[in-house]
Amino acid sequence: MINLGLPEPKYCLPDEAGLVAGLGMEYHHIPVVFGRPQIAEFERFIDVMQSCRGRKTFVHCALNWRALGFVGLYGELRLGWSRATAESLMRTFWDLDDVWSDFAAQCRETLLSATR
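Computed from a predicted model, the values in this text were never measured in an experiment.

Trainee: Any chance you could explain the overall build of the chain here in plain terms?
Mentor: Regarding its fold elements, the chain presents five helices and three strands. The C-alpha radius of gyration of the chain comes to 14 Å, within 12% of the 13 Å expected for a compact globule of 116 residues. Taking all 116 residues of the chain together, 39% fall into the buried category. Contacts spanning at least 24 positions in sequence make up 68% of the contacts within the chain whose residues lie at least 6 apart. By element, 56% of the accessible surface of the chain is carried by carbon and sulfur atoms, the whole surface being about 6700 Å². The averaged location of the 14 negative side-chain charges in the chain is 5 Å from the averaged location of its 12 positive side-chain charges.

Right, here's the structure in full:
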């Protein structure tokens, strides 16, 4: 399980990490401030997703907007999805605002150029 939400009681379960561990699953917390997503957070997400490769992985946050953004970008940048497929997923529940549109563009530019 990967939680991208903030560690505030209104956004997560009490002792979510302990509950998940008690079920025999791995728990990863990458807190992402919704209005200030960082490339370093997305890079950490990539690392965790790569470490979970081949296993079912549940990604969530408070409203799943961060989760959709990160999973969509991961699909495009690491799994070979088309940009249209990634964008469709990312826009499932909301239209990306300027912050998230800019963040997606920065991730694409930085991480695609690093793999060339």
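Trainee: Whenever I open this one, the environment of Ile39 confuses me. Can you help?
Mentor: Turning to its location among the elements, Ile39 is positioned in helix H2 (residues 39-51). Along the primary structure Ile39 and Val59 are separated by 20 residues, whereas in three dimensions their C-alpha atoms are 17 Å apart. Beyond its immediate chain neighbours, meaning those up to four positions away, Ile39 contacts Phe103, Gln106, Cys107 and Thr110.

Trainee: Quick question: what am I supposed to make of the nonpolar core here?
Mentor: Side chains of a nonpolar character, in soluble globular proteins, are inclined to be buried together. Counting 26 residues, the largest nonpolar core has Ile2, Leu4, Phe42, Phe45, Phe70, Phe103 and Cys107 as its most contacted members. When contributions to this core are tallied by element, the ones reaching two or more residues are H2, helix H3 (65-78) and helix H5 (98-115). A per-element tally of this core places H2 first, with six residues. Residue contacts for Phe103: discarding those within four places in its chain leaves Pro37, Gln38, Ile39, Phe42, Phe70 and Leu73.

What counts and what doesn't
Residues numbered from 1 in each chain as written. Predicted model: local features only at pLDDT ≥ 70, side-chain atom pairs only at ≥ 80, totals over all residues. Heavy atoms only, no water. Helix = DSSP H or I, 4+ residues; strand = E, 2+ residues; numbered from the N terminus. Rg over C-alpha atoms; globule rule 2.2 N^0.38 Å. Buried < 20%, exposed > 50% of the residue type's maximum accessible area, 1.4 Å probe, protein only. Contact = heavy atoms within 4.5 Å. Areas by Shrake-Rupley, 256 points an atom, 1.4 Å probe, with all protein chains shown as cover. Lys, Arg positive; Asp, Glu negative; His and termini not counted. Charge placed at Lys NZ, Arg CZ, Asp CG, Glu CD. Core = buried A, V, L, I, M, F, W, Y, C linked by side-chain atoms within 4.5 Å.

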